[in-house]
Amino acid sequence: MYKILEKRELASAIWLMKVHAPRVASSARPGQFVIVRADECGERIPLTVADYDAREGSVTIVIQTIGVSTKKICALDPGQCLADFAGPLGRPSEFVSEDLQTLRGKKILFVAGGVGTAPVYPQVKWLAEHGVRADVIVGAKNRDMLIMTEQMRAVAGNLYIATDDGSEGFKGLVTEVIRHLIEQQGRHYDLCVAIGPMIMMKFVALTTRDYGLKTIVSLNSLMVDGTGMCGACRVSVGGKTVFTCVDGPEFDAHLVDFDEAMRRQGMYRTQEQRALKIAEERAAGHKCRIGLDK
Ligand code: NAD
Ligand code: FES
């Protein structure tokens, strides 16, 4: 069992949880993820690691409550336990194994979209700890939906904020900021890493392709076992079928078939919405009239 040490709401329906998981904390690397279950009957939910502290034995995850299972996880309070906290899973970010001198000579741009800011943070932090100050663009719908900006500011070179409604920073999409930095400010980057909603990663890839800028994305495909056995997380990269859980989650953005990935991600949306409605009605004490709660 994995005790919840801390829980905070970062923005509407976005929760931070610090969990006691010493073995995961001691071996986690930037770019990896965990699979969490609230209880023994719970669905396995893949979540990106937002921070880890080997000395404290803690791992921080950030969860957006979008379905029955994420709501169940976020309903738990500090002192209570998660049934499963499997990880670290997936491959660490490529730069972790790069020669440090070469890495220090590189200009890296991170693009974090909404909840995707959480998995970007440990990557930027790791780089700062190893003498590399990366630039970061954080995009969100509005000021209230921005998360972890102060922590990010402490480890980033330059931090650029963009909101869709202009309530903070630049008014517009992260892709417009990328163009502005390269075209108006004459910035040169050797690598771009984009993490956020699939549609954002698709358009970041299309934007950076124009500049020949190598781009990595972290895919949040549907997952079941997280061990490469079930095939639920398969995506096409460079015309080949690969598994996000064991071959990723990071891939060359210019080779990913985003349209297929988005279709697969939406496959179970109807069932998820139905399960959520049933859970909400149960919580409100209603008996389902058409027998869906059997
Ligand atoms: P959001 O919809 O608020 O988007 C965040 C930012 O992305 C926007 O402010 C905008 O700047 C940019 N963006 C969105 N659409 C764009 C487009 N068409 N072109 C260019 N830029 C665009 O983000 P959200 O509501 O926080 O997103 C939640 C989604 O993120 C969920 O679907 C979740 O699964 C996903 N997510 C992904 C990861 C990952 O590892 N890739 C991690 C956490 C969450
Ligand atoms: Fe089953 Fe990746 S989640 S193969």
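Placed above this text is the structure.
Here's what I pulled together on the structure shown here. (Residues numbered from 1 in each chain as written. Chains lettered and ligands numbered in written order. Predicted model: local features only at pLDDT ≥ 70, side-chain atom pairs only at ≥ 80, totals over all residues. Heavy atoms only, no water.)

Before going further, it helps to examine the nonpolar core. Counting 34 residues, the largest nonpolar core has Val62, Ile108, Phe110, Val124, Leu127 and Val136 as the members making the most contacts within it. Counting only elements with at least two residues in this core, the list comes to strand S2 (14–20), strand S8 (108–113), helix H4 (117–129), strand S9 (135–140), helix H5 (149–155), strand S10 (159–163) and strand S12 (191–195). Sort the elements by how many residues they give to this core and H4 lands first, with seven residues. If we ignore the near neighbours within four places in the chain, the residues touching Ile108 are Leu103, Leu127, Val132, Ala134, Asp135, Tyr189 and Leu191. Among the nonpolar cores identified, the runner-up in size contains 29 residues, and Tyr160, Cys192, Val237 and Ala253 belong to it. (Core = buried A, V, L, I, M, F, W, Y, C linked by side-chain atoms within 4.5 Å. Buried < 20%, exposed > 50% of the residue type's maximum accessible area, 1.4 Å probe, protein only. Helix = DSSP H or I, 4+ residues; strand = E, 2+ residues; numbered from the N terminus. Contact = heavy atoms within 4.5 Å.)

The pairing of strand S14 (residues 234–237) with strand S15 (residues 240–243) spans four bridges and is antiparallel. Residue Ser236 lies in a different strand from S15, and its bridge partner there is Thr241. Adjacent in sequence and paired antiparallel, S14 and S15 are bridged by two residues, among which Gly238 carries a positive phi angle near 60 degrees. (Pairing = 2+ DSSP bridges.)

The set of residues buried in helix H2 (residues 68–75) consists of Ser69, Thr70, Ile73 and Cys74. For H2, the angular spread of buried residues about the axis comes to 135 degrees, placing them on one side. The inward-facing, buried residues of H2 contact strand S1 (2–11), S2, strand S3 (33–37), strand S4 (45–53), strand S5 (58–64) and strand S6 (81–82). (Arc of directions from axis to C-beta.)

Another point: the pattern of salt bridges. Under the counting rule described, the total for this entry stands at 14 salt bridges. A salt bridge links Asp39 to Lys72, with the nearest nitrogen and oxygen atoms 3.3 Å apart. Of the two residues, Asp39 sits in the loop between S3 and S4 while Lys72 sits in helix H2, which places them 33 residues apart along the sequence. You can call Asp39 partly exposed: its relative accessible area is 28%. The exposure class of Lys72 is partly exposed, given its relative accessible area of 36%. Lys214 is the salt-bridge partner of Glu94, the closest N and O atoms lying 3.3 Å from each other. Linking Glu94 in the loop between strand S7 (84–89) and helix H3 (100–104) with Lys214 in the loop between helix H7 (198–209) and strand S13 (215–218), this pair joins segments that are 120 residues apart in sequence. Given a relative accessible area of 40%, Lys214 falls into the partly exposed group. Beyond isolated ion pairs, a larger network of salt bridges with shared partners links Glu6, Arg8, Lys18 and Glu56. (Salt bridge = Lys/Arg side-chain N within 4 Å of Asp/Glu carboxyl O.)

Spatially, S6-S1-S2-S5-S4-S3-S7 is the arrangement adopted by the seven strands of the open sheet, whose pairing is antiparallel. Only two strands of the sheet have a single partner each, and these edge strands are S6 and S7. When S4 meets S5, the two strands line up antiparallel, connected through four bridges. Directly across from Asp53, in S5, lies its bridge partner Ser58. In the packing of H4 onto the sheet, the strands contacted are S4 and S5, and the crossing angle to S4 comes to about 35 degrees. (Axes fitted to C-alpha atoms, helices over the stretch in contact; angles between N-to-C directions.)

Residues in close proximity to ligand 1 total 21 residues, the closest being Val115, Lys141, Asp164, Ser218 and Asn220. A distance of 2.7 Å separates an oxygen atom of ligand 1 from a polar atom in the side chain of Asp164. Here Pro197 contributes a backbone N or O atom positioned 3.5 Å from an oxygen atom of ligand 1. Protein contacts shield 80% of the accessible area of ligand 1, which totals 850 Å² for the unbound molecule. Where the shell around ligand 1 is concerned, the elements lending two or more residues are S9, helix H6 (174–184) and H7. Ranked by the residues each element gives to the shell around ligand 1, the list is headed by H7, at four residues. (Near = heavy atom within 4 Å. Polar contact = N/O pair within 3.5 Å; in protein donor to acceptor, adjacent residues only side chain to side chain. Areas by Shrake-Rupley, 256 points an atom, 1.4 Å probe, with all protein chains shown as cover.)

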